[in-house]
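# Summary of structural features
Read off the chains here:
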Amino acid sequence: LARLAEDAALITGSSQAGAADASVDPTLLVAERKIADAMRRGVFEDLEGAGQPLKPNEHVFGTKADAASFLLAKQVAAAKVKPLSLELRERVEAARSELVAEIKRTDPTRRSDPRLRRRAEDLHALVKQQHLAAVADAHAYGVSADGLQVRPFNLELELERLEYTPFADT
């Protein structure tokens, strides 16, 4: 325990070599010491893939969608090209932001303005196009489309979120 306390003092930069900082988890110190001992003994020297980047999987990223997004980004960066789904994602997000800003600027008494509904329909069509491109890109790059698709836009829900009354049927 005294050696662990000394290690804790070194890790935390404490000037008291014999006093361990309460914020340092002793199990971390034990793990670090065991890893350092194994490295000194050369246990890690002949491991398969040594010196290579780790291959991503859902266990590393939490979900298959996160792993798919990472793999696609890595492949795109290597190819120096942007897939259609990512270009459309940017267009969808810009159009979504513009429409929400317009809704916020619109007088609540004019909330049934046909221009807003038309722009929402155009945005919905762009989202559909992006979803199709995401499926195609996922197939081309061998990843899941889940992490590539943007969320849909629903004008009535957006109006409710902004504390407007939803459109009445016309």
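Starting afresh in each chain, residues are numbered from 1 along the sequence in its written order. Per-residue local features of the predicted model are confined to residues with pLDDT of at least 70, and side-chain atom pairs are confined, for both listing and counting, to 80 or more; whole-chain, interface and lining totals are unaffected and use all residues. Heavy atoms from the whole structure form the basis of all side-chain values; hydrogens and water molecules are not counted.

## Some remarks on the overall build of the protein chain
- Working definition: helices are DSSP H or I runs of at least four residues, strands are E runs of at least two. Numbering for both runs from the N terminus. Across its full length, the protein chain holds seven helices and zero strands.
- When its helices and strands are written in sequence order, the protein chain yields α-α-α-α-α-α-α.
- A total of 170 residues make up the protein chain; the buried ones form 28% of that total.
- Two residues qualify as a contact provided that any one of their heavy atoms is within 4.5 Å of a heavy atom in the partner residue. For the protein chain, the proportion of contacts with a sequence separation of at least 24, taken over those separated by at least 6, is 58%.
- Per-residue and other accessible areas were derived by the Shrake-Rupley procedure at a 1.4 Å probe size, with only the shown protein chains allowed to occlude residues. For the protein chain, the accessible area works out to roughly 12000 Å², and carbon and sulfur atoms hold 55% of it. Each residue's exposure class comes from its accessible area (1.4 Å probe, protein chains only) as a fraction of the maximum for that residue type: buried when under 20%, exposed when over 50%, partly exposed otherwise.

## Concerning the pattern of salt bridges
- Salt bridges are counted wherever a side-chain nitrogen of Lys or Arg sits within 4 Å of a carboxyl oxygen of Asp or Glu. With the rule as written, the count across this model stands at six salt bridges.
- Among the salt bridges present, the one from Arg117 reaches Glu156, with a minimum N-O distance of 3.2 Å. With Arg117 in helix H6 (residues 114-141) and Glu156 in helix H7 (residues 155-161), this residue pair connects regions lying 39 residues apart in the sequence.
- Residue classification places Arg117 among the partly exposed residues on the basis of a relative accessible area of 32%.
- Ionic contacts of the salt-bridge type, sharing partners, join the residues Glu98, Glu102, Arg115 and Arg119 into one network.

## Section: helix H5 (residues 84-105)
- The span you would expect from a helix comes to 1.5 Å times its residue count less one. Taking 1.5 Å as the rise per residue, H5 with 22 residues should run 32 Å; its terminal C-alpha atoms sit 31 Å apart, in good agreement.
- Buried within H5 we find Ser85, Leu88, Val92, Arg96, Leu99, Val100, Glu102 and Ile103. Within H5, the buried residues cover an arc of 155° as seen down the axis, which keeps them to one side. Away from its buried face by more than 90 degrees, H5 exposes Lys104 and Arg105. An arc is given here, and it is the one of the directions from the helix axis to the C-beta atoms.

## A closer look at the nonpolar core
- Only buried Ala, Val, Leu, Ile, Met, Phe, Trp, Tyr and Cys residues count toward a nonpolar core, and they belong to the same one when joined by side-chain atoms within 4.5 Å. Among the nonpolar cores identified, the biggest contains 16 residues, and Val92, Leu99, Ile103, Leu123, Phe153 and Leu155 are the most heavily contacted of them.
- The set of elements that each furnish at least two residues to this core consists of H5, H6 and H7.
- Looking at this core element by element, the count peaks at six residues for H6.
- If sequence neighbours within four positions are ignored, Val92 has contacts with Leu123, Leu126, Val127, Gln130 and Val150.
- Grouped together as the second largest cluster of nonpolar side chains are eight residues, Leu72, Ala134, Ala138 and Leu148 included.

## Topic: the confidence of the model for the protein chain
- Values of pLDDT, the confidence the predictor places in each residue, fall between 0 and 100. For the protein chain, the mean per-residue pLDDT works out to 76, and 72% of the residues sit at or above 70.
- Averaged pLDDT values for the elements of the protein chain fall to 59 in helix H3 (residues 58-61) and rise to 89 in H5.
- Throughout residues 17-21 the model reports pLDDT below 50, and contacts reaching past four residues in sequence, or to other chains, amount to eleven contacts.

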